[in-house]
Amino acid sequence: MLTEKLSLTCDRLLSHRQLACCYSYCSIPQRGNEVLIYSTKDGQQKPLLLTGHHGDISAMTFGKRSRPIILCSASADYIIVWDIELCQKRTQEGEAAAGIVIGTLLGEVVHLSFCFSDERVAACIGATVRVLSSKRQETICTLTGHVGPVTSAEFCPWNNDILVTTSEDRTFRVWDLKMEAVFFQSFVLSAFPLLSAFFLEKDRHLITGSTDGQVWCFSLNDDHKCHLVTKMDLQKMEKRHQMHQESHEAGCDDKLSADKVETSKPVLKMALCSPLSHTDTDQKNDNSWFCIGSSDGLYVVDLATSELVTALYFKDYPHLSITMAGSWAISPRCNNSMVVLVSSLFTPCVVMLEVHLCDLGRLLACGVGFSVFPSSPPLLSSPLNAELKRKEPNHPKKKGGIKEQPLVFNSKVKSSGYTSAPRRIMFSPKTNAQKNSSSRKKADTNIGSLLKDYPADSAAPAVPCTDVSLNKQVSCLQYSGDGKQILCGLGDSTVLLYKSCLTGAPAVYIGHDKPISSLSWSLSRQWWLSASEDLSLRIWTHCSSEPAIIMGDKMFSKPIRGAQFYYLDKFLLLASGPCLYLYLYNLDNTRDDIKRYHQRSVNKLAGCFTTSPATDITALSAINDFFSYIVLVCGSDRSIQVFDMNKGIVASELPDAHSRAIHCITQNKGSAFSSQAPDSYNLFLTSAVTDSMKIWDLRTLRCVRRYENHVNRCQPCSSAISPCGRFIATGSEDNCLLTGTQDGKLRLFKSSSGSSLSRDTGAAVHSVLSETV
């Protein structure tokens, strides 16, 4: 992926000089006060020599526009702007190449930057920034205010009157060039100086990095106030990335960890990765990738997930002439590649490298992932083949003959008709009966309302329409599959069954002794289960207020953290401690009036599976709407483990998925009201306390999206909890969103447009949280 195109040995060390590179040319200082211009497209072309400086050149940069290609070089005596094509033409005609002097005796310049119209140049000189005209010798404005030397300055791509500067005083400032005033000044971000700044125009984000590898992303809105979006640590991202890679043998890992020496990873330069196109893979860059040039290599980071995509280390390419970098210049190309110019940290050497991003796409696509859809039938030894042997009912034979006298409990007995006259008219069917069209039409209307598809352009529900006060803590909520009913688990150990509109008195189910921890509907919606902190699980039916199955009585040593129906209602899946239990069951609602305590429903343990490091399970998720072998389990060690129930093993593990233990995980389980692409079912969502929500792709076992809304519990189209205790449940047929609070208030939201929920569940949940929290 890294190819060396050019290697030059200089007469002096250039480790801390700003180099310049664009898609066509790169510039390197020579003999201190001269500039060599090399072509990045034709390696055989003779370099262009530019002379005019008397002092050592300390900084260079190319303009942002494609035509004309201009270069600005700075020394302590002059700041000169060169027209490269004009200089080449003059050189070919035998004339001396000349530039425009725009600054004289301004001091040592450490950084130069053009605005996006190439009309102005920002020069960082000590703790001062001078904005100069690129066409004549004129100082437009002088910016002072930093208490330390300014390290970089960058113009805003969507507003040329905004300039951002970073300084060794560990702060950055947003300047208004018209008023020569400060729009925003950051707090002290780190204990180390800030080195670089970078803009993401698509999302209007400002990114800055420090010498210790810390990266901050801020949103820069129209009010010119910066709000922190995310913070990343390059070393921590690298460690997580290495742990997610394919593991080697234990002995080899120990040797590598023993020989490895940690080095600092300064953020020397940042640039946007060009979008991947015309590749044979499904991996597409949505312009959320940016690269970081550090001392030991190039890091590609996905800002949407705050995770490291890949790291290109110099040590992995022995043919390179460089091992440690002192400065970077990065220029994206339109052919899925980038041209970078790197100066060596300890040797007087400069190399030009070409980075092939299409190889990165193929590398990411070649990873073996999983799918929720089975690719083969269950194995003969699979736990999913377990069956529950049902015993035929043993009815005792009646003793004695047939009693002629009937035994009834009524005072009157209706005559059987033996004494009436025999019937002489046989049955004749009605052939001219009129069909009731209104009833048929009403039935069709009901079916249509149940199966109405979600429109793609709908808005998230944010208009409150119903409030219910329970005065009790709401611990969990669950919509039924058809969206007609809602289960509400309370902190006082009771379960309420509401209609989806929250009207009428709810059905109350009691039996647990501690708060409800989990609720789940069966696929047929004829029964549902509830798990509690009292180490018990109960299965209920609509026709009875008594549970059909009670699983407790010291069956589990720790509280049940998750329970649900699994494999098209064939199994009960639940997690307690480090164990994942799989139960077969058979429901029988009939009871003997004399022996009412006798439970005729049966259950049988089909399998018990333990997490790989024997860590306690905090949450689980599995699909019940169709056959799937995959069960996702979250551990108290902050990991996500993928169970293959066909084999009964842990197929893969994602360590350090969040900064804290995950307490909620859910999958895209489909809906009766929307049709989705098959690949969308491989997405699942996780959340941890004081951490963000993350969307993962089961096919690549990578985080594909991160939402920095700091929710405490989430479940797309099902449930989410904010830090203030709000519990969100979505997924009803009439475009509703239900929230519950710890003080016992239920609130039903609807969309202002009256349309159904958006298919982009993550965005919908994010939008609703911003409105309700």
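What counts and how
Residues numbered from 1 in each chain as written. Predicted model: local features only at pLDDT ≥ 70, side-chain atom pairs only at ≥ 80, totals over all residues. Heavy atoms only, no water. Helix = DSSP H or I, 4+ residues; strand = E, 2+ residues; numbered from the N terminus. Buried < 20%, exposed > 50% of the residue type's maximum accessible area, 1.4 Å probe, protein only. Contact = heavy atoms within 4.5 Å. Areas by Shrake-Rupley, 256 points an atom, 1.4 Å probe, with all protein chains shown as cover. Salt bridge = Lys/Arg side-chain N within 4 Å of Asp/Glu carboxyl O. Arc of directions from axis to C-beta. Pairing = 2+ DSSP bridges. Axes fitted to C-alpha atoms, helices over the stretch in contact; angles between N-to-C directions. Phe/Tyr/Trp six-rings, centres within 6.5 Å; stacked < 30°, edge-to-face > 60°. Lys NZ or Arg CZ within 6 Å of the ring centre and 35° of its normal. pLDDT = per-residue confidence, 0-100. Core = buried A, V, L, I, M, F, W, Y, C linked by side-chain atoms within 4.5 Å. Disulfide = S-S within 2.5 Å. Patch = residues over 30% accessible without salt bridge, like charges linked within 9 Å, V, L, I, M, F, W, Y side chains within 5 Å. Polar contact = N/O pair within 3.5 Å; in protein donor to acceptor, adjacent residues only side chain to side chain.

As a further point, take the overall build of the protein chain. The helix and strand tally for the protein chain stands at 6 helices and 54 strands. Expressed as a percentage of the 773 residues in the protein chain, the buried residues total 50%. Within the protein chain, contacts between residues separated by at least 24 positions form 52% of all contacts whose residues are at least 6 apart in sequence. A total of about 38,000 Å² of accessible surface is found on the protein chain, and carbon and sulfur atoms cover 51% of it.

Counted under the stated rule, the structure contains 22 salt bridges. One salt bridge connects Lys-265 with Asp-296, and the closest N-O pair in it is separated by 2.7 Å. Here Lys-265 is found in the loop between α3 (250-259) and β22 (269-272), whereas its partner Asp-296 is found in the loop between β23 (289-293) and β24 (297-302), with 31 residues between them in sequence. For the pair Lys-265 and Asp-296, one class covers both residues: buried.

Every α-helix winds through 3.6 residues per turn, so residues three or four apart in the chain are directed the same way. Residues Ile-84, Cys-87 and Gln-88 constitute the buried set of helix α1 (residues 84-92). Looking straight down α1, one finds its buried side chains confined to an arc of 100°; they lie on one side. Lining the buried residues of α1 we find β3 (25-30), β4 (34-39), β5 (48-51), β6 (59-62), β7 (70-74) and β8 (78-83). Two residues or fewer past α1, Gly-94 is found with a positive phi of approximately 85°.

In this fold, Ser-294 is placed in the loop between β23 and β24. Judged by its relative accessible area of 0%, Ser-294 falls in the buried class. Once you skip the residues sitting within four places of it in the chain, Ser-294 turns out to touch Leu-234, Lys-265, Pro-266, Leu-268, Tyr-299, Ala-325 and Trp-328.

This brings us to the sheet that holds strand β25 (residues 307-313). The strand order across the open sheet built from 4 strands is β22-β23-β24-β25, with neighbouring strands paired in antiparallel fashion. Only two strands of the sheet have a single partner each, and these edge strands are β22 and β25. Sheet twist, expressed as the mean angle between neighbouring strand axes with direction ignored, is 20°. Where β22 meets β23, 4 bridges bridge the pair, whose relative direction is antiparallel. When the bridges of β23 are listed, Leu-272 appears paired with Phe-290.

In terms of burial, β25 is largely enclosed, as 7 of its 7 residues are buried. The pairing of β24 with β25 spans 6 bridges and is classified as antiparallel. By the bridge assignment for β25, Tyr-299 is matched with Ala-311. Linking β24 to β25, which pair antiparallel, is a turn of 4 residues; within it Ser-306 sits at a positive phi near 55°.

To continue, consider the packing of aromatic side chains. Aromatic ring pairs are defined here through the distance separating the ring centres and the angle between the ring planes. According to the stated counting rule, one finds 20 aromatic pairs in the structure shown. Geometrically, the ring pair formed by Tyr-566 and Tyr-567 is tilted, given 5.8 Å between the ring centres and 50° between the ring planes. Of the two residues examined, Tyr-566 and Tyr-567, each falls in the buried class. Feature note: the residues Tyr-566, Tyr-567, Phe-571 and Phe-627 constitute an aromatic cluster, connected by ring pairs. Note that Lys-315 overlies the ring of Tyr-313, its terminal NZ or CZ placed 5.4 Å from the centroid.

Strand order in this open sheet of 4 strands is β10-β11-β12-β13, and the pairing throughout is antiparallel. Strands at the two margins of the open sheet, each flanked by one partner only, are β10 (111-114) and β13 (139-144). Averaged over all neighbouring strand pairs, the angle between strand axes comes to 20°, with direction disregarded. Where strand β12 (residues 128-133) and β13 come together, 5 bridges link them in antiparallel fashion. Residue Thr-128 lies in a different strand from β13, and its bridge partner there is Thr-144.

The subject of this paragraph is the confidence of the model for the protein chain. In the predicted model, the protein chain carries a mean pLDDT of 81, and 76% of its residues have values of at least 70. Mean pLDDT across the secondary structure elements of the protein chain bottoms out at helix α6 (residues 761-772), with 33, and peaks at strand β11 (residues 120-125), with 97. Note that residues 247-259 has pLDDT below 50 and, in this model, 1 contact with residues that lie over four places away or in other chains. In this model residues 710-734 is a low-confidence stretch, pLDDT under 50, and it forms 103 contacts with partners more than four residues away in sequence or in other chains.

Judged by how many residues are buried, β3 sits mostly within the fold: 5 of 6 residues are covered. Looking at chain direction, strand β2 (residues 20-21) and β3 are connected through 2 bridges and run antiparallel. Paired with Cys-21 across the bridge in β3 is Cys-26. Of the strand pairs in this sheet, β3 and β4 are connected by 6 bridges, and their pairing is antiparallel.

Glancing now at the nonpolar core. Counting 24 residues, the largest nonpolar core has Leu-298, Phe-314, Trp-328, Ile-330, Val-342 and Val-355 as the members making the most contacts within it. Counting residues per element, the ones that place at least two in this core are β23, β24, β25, β26 (325-332), β27 (337-344) and β28 (349-356). The element that contributes the greatest number of residues to this core is β28, accounting for 4 residues. Discounting chain neighbours no more than four positions away, the residues touching Ile-330 are Lys-269, Ala-271, Cys-291, Leu-298, Met-338, Val-339 and Val-340.

Now for the environment of Ile-560. The residue Ile-560 is located in strand β38 (residues 560-566) in this model. Owing to a relative accessible area of 0%, Ile-560 belongs among the buried residues under this scheme. With 42 residues separating them along the chain, Ile-560 and Ser-518 place their C-alpha atoms 8.1 Å apart. Contacts of Ile-560, omitting those with residues within four sequence positions, involve Ser-517, Ala-531, Ser-532, Leu-535, Ser-536, Leu-537, Leu-574 and Ala-575.

Time to look at the state of the cysteines. Enumeration over the complete set of coordinates arrives at 0 disulfides. Free of any disulfide, Cys-10 has its nearest cysteine sulfur in Cys-349, 7.1 Å distant. Under the relative-accessibility criterion, Cys-10 is labelled buried at 14%.

Take the side chain of Ser-520 next. Secondary-structure assignment places Ser-520 in strand β34 (residues 516-521). Once residues within four sequence positions are removed from consideration, Ser-520 is found in contact with Trp-528, Leu-529, Ala-563, Gln-564 and Phe-565.

Moving on, we get to a nonpolar patch on the surface. A surface patch of nonpolar side chains, amounting to about 230 Å² of accessible area, comprises Leu-523, Leu-568 and Phe-627. Of note, Leu-523 is situated in the loop between β34 and β35 (527-532).

For helix α2 (residues 234-244), the full list of buried residues reads Leu-234, Met-237, Glu-238 and His-241. Across the axial projection of α2, the buried residues extend over an arc of 100°, all falling on one side. Looking at the buried side of α2, the elements it contacts are β21 (226-233), β23, β24, β25 and β49 (702-707). Sitting at the amino-terminal end of α2 is Asp-233, which places a side-chain oxygen 3.1 Å from the backbone nitrogen of Gln-235.

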